[in-house]
Amino acid sequence: MANLCFANFLLGEKKRHVMWFFVFITLAFLVKLYAALLFVPAYIFFLFYKKRVREFVLNWQFLMCLGFFVLSIGSLFYLRELAATGYLNEILFKDAGRMLHVVENHNERLFFYIENLFKTRFSIWFMFFIIGVVCSFIYAEKRNTILHLFIAFVVSYLVIIMISVTKLEWYD
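Residues numbered from 1 in each chain as written. Predicted model: local features only at pLDDT ≥ 70, side-chain atom pairs only at ≥ 80, totals over all residues. Heavy atoms only, no water.

### Section: the side chain of Gln61
1) Next: Tracing the backbone shows Gln61 in helix H5 (residues 60-83).
2) Next: Of note is the side chain of Gln61, whose polar atom sits 3.5 Å from the side chain of Trp60.
3) Next: For Gln61, the contacting residues outside a window of four places in its chain are Lys15, Arg16, Val18 and Met19. (Helix = DSSP H or I, 4+ residues; strand = E, 2+ residues; numbered from the N terminus. Polar contact = N/O pair within 3.5 Å; in protein donor to acceptor, adjacent residues only side chain to side chain. Contact = heavy atoms within 4.5 Å.)

### Notes on helix H9 (residues 145-163)
1) Next: Helix length check: H9, at 19 residues, gives a terminal C-alpha distance of 27 Å against a target of 27 Å (1.5 Å per residue), a fit within 8%.
2) Next: Restricting attention to buried positions, one finds in H9 the residues Thr145, His148, Leu149, Ile151, Ala152, Phe153, Ser156, Leu158, Ile160, Ile161 and Met162.
3) Next: Looking at the buried residues of H9, the elements they touch are helix H1 (2-11), helix H3 (40-49), helix H7 (112-121) and helix H8 (123-138). (Expected span 1.5 Å × (residues − 1). Buried < 20%, exposed > 50% of the residue type's maximum accessible area, 1.4 Å probe, protein only.)

### Digging into the nonpolar core
1) Next: Ranked by internal contacts, the top residues of the largest apolar core, which has 29 residues, are Phe6, Phe21, Phe22, Phe56 and Phe77.
2) Next: Of all elements in the fold, only H1, helix H2 (16-32), H3, H5, helix H6 (87-95) and H9 reach the threshold of two or more residues within this core.
3) Next: Excluding residues that lie within four positions of it along the chain, Phe56 makes contacts with Phe6, Phe9, Val18, Phe21, Phe22, Leu47 and Phe62.
4) Next: Judged by nonpolar contacts, the second largest core, of ten residues, contains Phe112, Ile114, Leu117 and Ile161. (Core = buried A, V, L, I, M, F, W, Y, C linked by side-chain atoms within 4.5 Å.)

### Some thoughts on a nonpolar patch on the surface
1) Next: Together, Phe118, Met127, Phe129, Ile130, Val134, Ile138, Tyr139 and Val154 make up an exposed nonpolar region whose accessible area comes to about 700 Å².
2) Next: The element best represented in the nonpolar patch is H8, accounting for five residues.
3) Next: Looking at where Val134 falls in the secondary structure, it is placed in helix H8.
4) Next: Residue Val134 is classed as partly exposed on the basis of its relative accessible area, which comes to 44%. (Patch = residues over 30% accessible without salt bridge, like charges linked within 9 Å, V, L, I, M, F, W, Y side chains within 5 Å. Areas by Shrake-Rupley, 256 points an atom, 1.4 Å probe, with all protein chains shown as cover. Salt bridge = Lys/Arg side-chain N within 4 Å of Asp/Glu carboxyl O.)

### Structural notes on H2
1) Next: Here H2 is 17 residues long and its end C-alpha atoms lie 24 Å apart, about the 24 Å a rise of 1.5 Å per residue gives.
2) Next: Among the residues making up H2, those that are buried are His17, Val18, Phe21, Phe22, Ile25, Thr26 and Phe29.
3) Next: Two residues or fewer after H2 comes Leu33, characterised by a positive phi angle close to 50°.

### Describing the confidence of the model for the protein chain
1) Next: Looking at the protein chain, the pLDDT average stands at 82 and 85% of residues meet or exceed 70.
2) Next: The least confident element of the protein chain is H7, whose mean pLDDT is 75; the most confident is H2, at 92. (pLDDT = per-residue confidence, 0-100.)

### Some details on the pattern of salt bridges
1) Next: Tallied over the entire structure, the rule returns one salt bridge.
2) Next: With a shortest N-O distance of 2.8 Å, Arg52 and Glu55 are connected by a salt bridge.
3) Next: In this structure Arg52 comes out as buried when scored by relative accessible area, which is 9%.

### Details of the packing of aromatic side chains
Given two aromatic rings, one states the distance between the centres and the angle between the planes to describe the pair.
1) Next: Tallying each qualifying case throughout the model produces 23 aromatic pairs.
2) Next: Their ring planes at 65° and their centres at 5.2 Å tell us that Phe9 and Phe56 sit as a pair that is edge-to-face. Of this pair, Phe9 sits in helix H1 while Phe56 sits in helix H4 (residues 53-57), and the two are 47 residues apart along the sequence. We note that Phe9, like Phe56, is buried.
3) Next: Feature note: the residues Phe6, Phe9, Phe21, Phe22, Phe39, Tyr43, Phe56, Phe62, Phe150, Phe153 and Tyr157 constitute an aromatic cluster, connected by ring pairs.
4) Next: Positioned above the aromatic ring of Phe9, the side-chain terminus of Arg52 is 4.5 Å from the ring centre. (Phe/Tyr/Trp six-rings, centres within 6.5 Å; stacked < 30°, edge-to-face > 60°. Lys NZ or Arg CZ within 6 Å of the ring centre and 35° of its normal.)

Written as structure tokens, this is what we have:
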């Protein structure tokens, strides 16, 4: 839902989509922690590409919702640490540490996920995806913006999980 609200902001003029974007990003973070932030590189790229950074960041909805996000996350971390001492250490060093350190011997090659998508998971469908991506750039039109945005979401997600040292077969 956060991705759809972000797309609605980019394609429309209504700044209320910024508020809904943050509501859904906050809810996603409260449920899946860092996985909610895997699309941030795509958000940043498209804000610069569409020249909408100032419009996104310099408005009261952004500041209010960023405060809501930080307050919600801080409250979650604080309350969880009170309930179970060591929670912060666990999520900061084990969960977030998956990017830099191998956890539970889940060390795979760099292109593990791409190979997995091609060979086992979605072998024939992944080929159609690649063909569709190439065609979307060859026959680029203004209406393809939403398609390119969602391609950026996929690429952002795949790049982040690919550069992570710990790799699990269900992350793709």
